[in-house]
Amino acid sequence: MHRNAMRLLGTALWAAAPAVVAAPGETTLEKVTVTGSHIPRAESASATPTLVLTRQDIERTGLSTVKEVIDSLVGTSQLITGTNRTLSDITGSNSYAAGSSAVSLRFLGPQATLVLLNSRRLSPYALHDDPAMVTDVNALPLAAVERIEVLRNGGAAVYGSDAIAGVINIITKQDMRGLELRASHEAATGAHELNATTFGLTAGVGDLAEDRFNVMLNAEYYKRSSVMWSQVMNQVDRGLGDIYPSFGTPSVYSFPGNNFDGEGSLPGCATVSDGLCMYDRYGRFEAQPSSERANLLLSARLHVAPALQGFSELMLSKVRTGYTLADPAYGPPDFATWFDPTTGRTRLFTHRGLPKEHPFNTTGLDDATLAYRFADAESQQVVDSAAYRLLGGLRGTHGAFDWEAAAGAAGSRVENRVRGAFSDSGFKELIGDYDLAHDPLFFNRGYVLGGPNSAAVLGRLFPEFTHTGRMRQLFADAKASGTVGTLAGRPVDVALGADLRHEDLRITPSANLASGDIVGYGVAQTEGSRTFGAVFSEVNLPVSDRVELQAAARLDKYPGFDLNLSPKVGLRVQAASNLMLRGTLEAGFRAPNLVESSTTTLSSYDNGLFDPKRCPQARALAADLLAQAEKPGVDEATRRALLARAQVVESLECQGGVAAARVSNTELKPEKSLGSTLGLVFQPARDVALELDAWRIERRDEIGFRAAQDLILGEDGDAAGLVDRLPLTNDRSFSAAEQAAYGGSAGALAIGGAAAEAGNWCKRRRS
């Protein structure tokens, strides 16, 4: 993947700008550690482009979460679709990683963006985003943040895997004393229902310099309300109605329903229009899901000896995200397919109408068309997640070197609970068997059409199902940096270090998902663990008073492939007292995550698919059916049947769906990248700094999978068996005569037969 961009940052770096370029004769500044280097330095502007957002900057934004602040920065992206989408808990209810929020740099996706807390990795969210493993920034309290540093080019040579697009390092407050209380409430000006409230407490005791210790506690609580579209519909741009004519309109899939072949509205309907029962579907279409978050951060530092300091950190978070789901609609032309893990085949759920024996069917016709809404399904999704990180370590000075070592544990647990989909066995028990040619008791068994129904009946028909994920990590790291000599009268600084990490991931579906009993839902299952490590080094070489060369290299070893070397070189030129030129060239990589490389199976339902071998014929047939329906003398029942069939045929072949089954690939190799930057920093005044950077990232051997639509479009050029079609003798759309008349020669996509395989899930591809 090639990415080219030119970014002009006209941001005033309020706190950092004075240190960007040193004025002649200025005294040596205190060294600080800047993201992108293990070597503390006096100058905050190095060869690597880095944006620093201070606490003051964060407060000026007026934003209330870490996710919102990062998304507001130049260079971050908020894509919500596509392979490299940026996940949000507001829009991500359909993701396996629902409830989490990720961040992304350079439009390369969360998997190419490394997120750190105090320069160390956080545990990934324990559920994946098909198949991305992401860092959930909802678990981080904004009130505890002292600054956010964004490394705007790759950082694999310093931090290892995942830093292809850059690094976001969130630095918390240090040496806090006293008590600070914060509270905020925000609401949309035109729609007060869209609101969120935050309470925060930060307390610190002990002066590190005088008392030789400091302990800081931060606790934060965040609550966001649930809002339906019906509550804010008056704030929606009315121009949407011109683009989407049905936007905001009620639905004929209603409660207690409509009989299209008969009298229309069934008895007991509250809102009838033109003889049909109407339903306000936007009363359960959610504009904003609810969220409650409790985050705690406890840190301590202790001077053990004059040149030795101990430190520790504990981070805990608990997040609950609640989604109100739309009530299930029932009736043509909808259908559902899903993958049955017990048989390795896809299954098809079809809608049946009311039999002639049903008391609500007064037409005398069998299978009278029913449009119904299960408004009593109590459809909802609740995601509970918890994350932690505990670490302790020592740092000190030995001669000309500063050193630090730490060890700890991190992890997360997520439970995604959903209700609102049919149990296949429950449907057949309480409503009827949709596979039978004729069922005289269909919709006249345990479930009462139009209600009321008992909690036991609804629980059997719409049971709760879950995915539970658990991620655990153990880690240890050590590094040292210092001056080893001089060159051109300036110090030559080096850094050396090592990382070691073990991680274990388990993702488990509930029994009713694993048995294939939940209609239309996919199943995710992962089990894997691994141990990996790295060694790294870095050097700053002062070529002259105005030119500095930076070099870094890191060796990473993951199970299953050879040592990976990530080198980097950077050049910093002080062209004038207020002008600095800089450039970098580096190699990066991303190791396959545990979902991609461990024992993983995943099934999903892909809809809206265009079948090039059948859609043109289906559209031609639909046009002829519509023409027949408008002919004079056609009775109303025949007209409705022709209109319904035209809609069904075109939907099946031009916007259809298939169940896709994917498996992991244990032979995967890491992604590789080559990144370069070229830029300048210009400081026209003391408190103003302008940055101009051009960057390019070439991403090779990207890990991914071919979507179902890609496989269907490339069917003739691929190996046989990737796309499964039914025989023409079992055609859902065309009769034998219509096959001959409209030129149909390919069978329908097997929505009810074998799964449409989405290729080798993580097959390597070059892009």
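Residues numbered from 1 in each chain as written. Predicted model: local features only at pLDDT ≥ 70, side-chain atom pairs only at ≥ 80, totals over all residues. Heavy atoms only, no water.

**Quick word on the overall build of the chain**
Thought 1: Within the chain one finds 13 helices and 36 strands.
Thought 2: Taken across its 767 residues, the chain has 51% of its residues classed as buried.
Thought 3: For the chain, the proportion of contacts with a sequence separation of at least 24, taken over those separated by at least 6, is 74%.
Thought 4: Put simply, the chain shows about 32,200 Å² of open surface, and 57% of that area lies on carbon and sulfur atoms. (Helix = DSSP H or I, 4+ residues; strand = E, 2+ residues; numbered from the N terminus. Buried < 20%, exposed > 50% of the residue type's maximum accessible area, 1.4 Å probe, protein only. Contact = heavy atoms within 4.5 Å. Areas by Shrake-Rupley, 256 points an atom, 1.4 Å probe, with all protein chains shown as cover.)

**A look at the pattern of salt bridges**
Thought 1: By the definition in use, this model includes 49 salt bridges.
Thought 2: Here Asp693 makes a salt bridge to Arg152, at a shortest N to O gap of 3.1 Å. Taken together, the residues Asp693 in strand β33 (residues 688-700) and Arg152 in the loop between β5 (145-151) and α3 (156-159) connect sequence positions 541 residues apart. Here Asp693 matches Arg152 in class, with each residue buried.
Thought 3: A salt bridge links Arg470 to Asp504, with the nearest nitrogen and oxygen atoms 2.9 Å apart. (Salt bridge = Lys/Arg side-chain N within 4 Å of Asp/Glu carboxyl O.)

**Regarding the sheet that holds β5**
Thought 1: Strand order in this open sheet of five strands is β2-β5-β6-β3-β4, and the pairing throughout is mixed. Pairing within the sheet leaves two strands with one partner each, and these edge strands are β2 (50-54) and β4 (120-121).
Thought 2: Of the strand pairs in this sheet, strand β3 (residues 113-117) and β4 are connected by two bridges, and their pairing is antiparallel. Residue pairing across strands places Leu116 opposite Arg121, the latter belonging to β4. (Pairing = 2+ DSSP bridges.)

**Thoughts on the nonpolar core**
Thought 1: Counting residues in hydrophobic clusters, the biggest one holds 33 residues, and the most contacted among them are Val66, Leu140, Ile148, Ile168 and Ile170.
Thought 2: Sequence-distant contacts of Ile170, that is, excluding residues within four places in its chain, are made with Val66, Ile70, Val115, Leu116, Leu117, Asn118, Leu140, Val145, Arg147 and Ile148.
Thought 3: One finds Met133, Phe465, Val523 and Leu594 within the second-largest nonpolar core, a separate group that totals 25 residues. (Core = buried A, V, L, I, M, F, W, Y, C linked by side-chain atoms within 4.5 Å.)

**So, the sheet that holds strand β21 (residues 370-373)**
Thought 1: Spatially, the four strands line up as an open sheet ordered β12-β11-β21-β18, and their pairing is antiparallel. Two strands lie at the open edges of the sheet, namely β12 (264-265) and β18 (329-330), each paired on one side alone.
Thought 2: In this sheet, β21 lies alongside β18 in antiparallel orientation, the contact comprising two bridges. Bridging across to β21, Tyr330 finds its partner in Tyr372.

**Quick word on the environment of Leu179**
Thought 1: Among the secondary structure elements, Leu179 is positioned in strand β7 (residues 178-187).
Thought 2: The spacing of Leu179 and Asn218 is 39 residues in sequence and 9.9 Å in space, taken between C-alpha atoms.
Thought 3: Dropping the residues within four chain positions of it, Leu179 is found in contact with Leu201, Thr202 and Ala203.

**Concerning helix α10 (residues 615-629)**
Thought 1: Along its 15 residues, α10 runs 21 Å from first to last C-alpha, staying within 8% of the 21 Å computed at 1.5 Å per residue.
Thought 2: Among all positions of α10, only Cys615, Gln617, Ala618, Leu621, Ala622, Leu625 and Ala629 are buried. Taken around the axis of α10, the buried residues stretch over an arc of 150°, which confines them to a single face. (Expected span 1.5 Å × (residues − 1). Arc of directions from axis to C-beta.)

**Let's talk about the pairing of strand β8 (residues 195-205)**
Thought 1: With ten bridges joining them, β7 and β8 adopt antiparallel strand pairing. Each bridged residue has a counterpart across the sheet, and for Glu180 the counterpart in β8 is Thr202.
Thought 2: One ladder, built from ten bridges, connects β8 with strand β9 (residues 213-224); its direction is antiparallel. Across the sheet, Val205 pairs through a bridge with Val215, a residue of β9.

**Focus: unusual backbone geometry**
Thought 1: With an omega dihedral of 15°, the bond running from Phe255 to Pro256 counts as a cis peptide bond.
Thought 2: At Asp367, a position not held by glycine, the phi torsion is positive, near 65°.
Thought 3: The exposure class of Asp367 is partly exposed, given its relative accessible area of 33%.

**A closer look at the environment of Arg725**
Thought 1: Tracing the backbone shows Arg725 in the loop between α12 (708-713) and α13 (736-742).
Thought 2: What makes Arg725 buried here is its relative accessible area of 17%.
Thought 3: For the pair Arg725 and Ala746, spaced 21 residues apart in sequence, the C-alpha to C-alpha distance is 7.7 Å.
Thought 4: Here Asp611 takes part through its side chain, which lies 2.9 Å from a polar atom of the side chain of Arg725.
Thought 5: Only 3.0 Å separates the side chain of Arg725 from the side chain of Glu715, close enough to count as a polar contact. (Polar contact = N/O pair within 3.5 Å; in protein donor to acceptor, adjacent residues only side chain to side chain.)

**Some points on the state of the cysteines**
Thought 1: Following the criterion strictly, the structure yields two disulfides and no others.
Thought 2: What pairs with Cys269 in a disulfide is Cys277, and their sulfur atoms sit 2.0 Å apart. Its S-S torsion of approximately 90° makes the covalent link between Cys269 and Cys277 right-handed.
Thought 3: Cys269 gets classed as buried once you look at its relative accessible area, which sits at 17%.
Thought 4: Should the bonded cysteines of the chain be numbered as they appear in the sequence, the pairing reads 1-2, 3-4. (Disulfide = S-S within 2.5 Å.)

**Observations concerning a nonpolar patch on the surface**
Thought 1: A surface patch of nonpolar side chains, amounting to about 460 Å² of accessible area, comprises Val543, Leu549, Val569, Leu571, Leu585 and Leu674.
Thought 2: Of note, Leu549 is situated in strand β27 (residues 547-557).
Thought 3: On the basis of relative accessible area, Leu549 is assigned to the partly exposed category, the value being 31%. (Patch = residues over 30% accessible without salt bridge, like charges linked within 9 Å, V, L, I, M, F, W, Y side chains within 5 Å.)

**Here we look at the side chain of Asn218**
Thought 1: Along the chain, Asn218 turns up in strand β9.
Thought 2: Of the residues examined, Asn218 reaches a relative accessible area of 0% and is grouped as buried.
Thought 3: A polar contact is formed between the side chain of Asn218 and the backbone oxygen of Leu201, at a distance of 3.5 Å.
Thought 4: Ignoring any residue separated from it by four or fewer positions in sequence, one finds Asn218 in contact with Pro141, Ala143, Ala144, Leu201, Thr202, Asn295, Leu296 and Leu297.

**Comments concerning the environment of Asp280**
Thought 1: By secondary structure assignment, the location of Asp280 is in the loop between β14 (276-277) and β15 (286-288).
Thought 2: Classification of Asp280 by relative accessible area gives partly exposed; the value is 46%.
Thought 3: Between the alpha carbons of Asp280 and Ser251 there is a distance of 6.5 Å; along the sequence they are 29 residues apart.

**Considerations on the confidence of the model for the chain**
Thought 1: Residues at a pLDDT of 70 or more form 89% of the chain, whose mean pLDDT is 85.
Thought 2: Per-residue pLDDT, averaged within each element of the chain, yields its smallest value for strand β36 (residues 764-765) (30) and its largest for strand β23 (residues 401-419) (97).
Thought 3: In the model, residues 1-29 has pLDDT below 50 throughout and makes 77 contacts with residues more than four positions away in sequence or in other chains.
Thought 4: In the model, residues 752-767 has pLDDT below 50 throughout and makes 66 contacts with residues more than four positions away in sequence or in other chains. (pLDDT = per-residue confidence, 0-100.)

**Examining the side chain of Asn153**
Thought 1: Looking at the element boundaries, Asn153 is found in the loop between β5 and α3.
Thought 2: Within polar-contact distance, the side chain of Asn153 engages the side chain of Glu586 at 2.7 Å.
Thought 3: If sequence neighbours within four positions are ignored, Asn153 has contacts with Thr48, Pro49, Ala165, Gly166, Val167, Thr584, Glu586 and Thr677.

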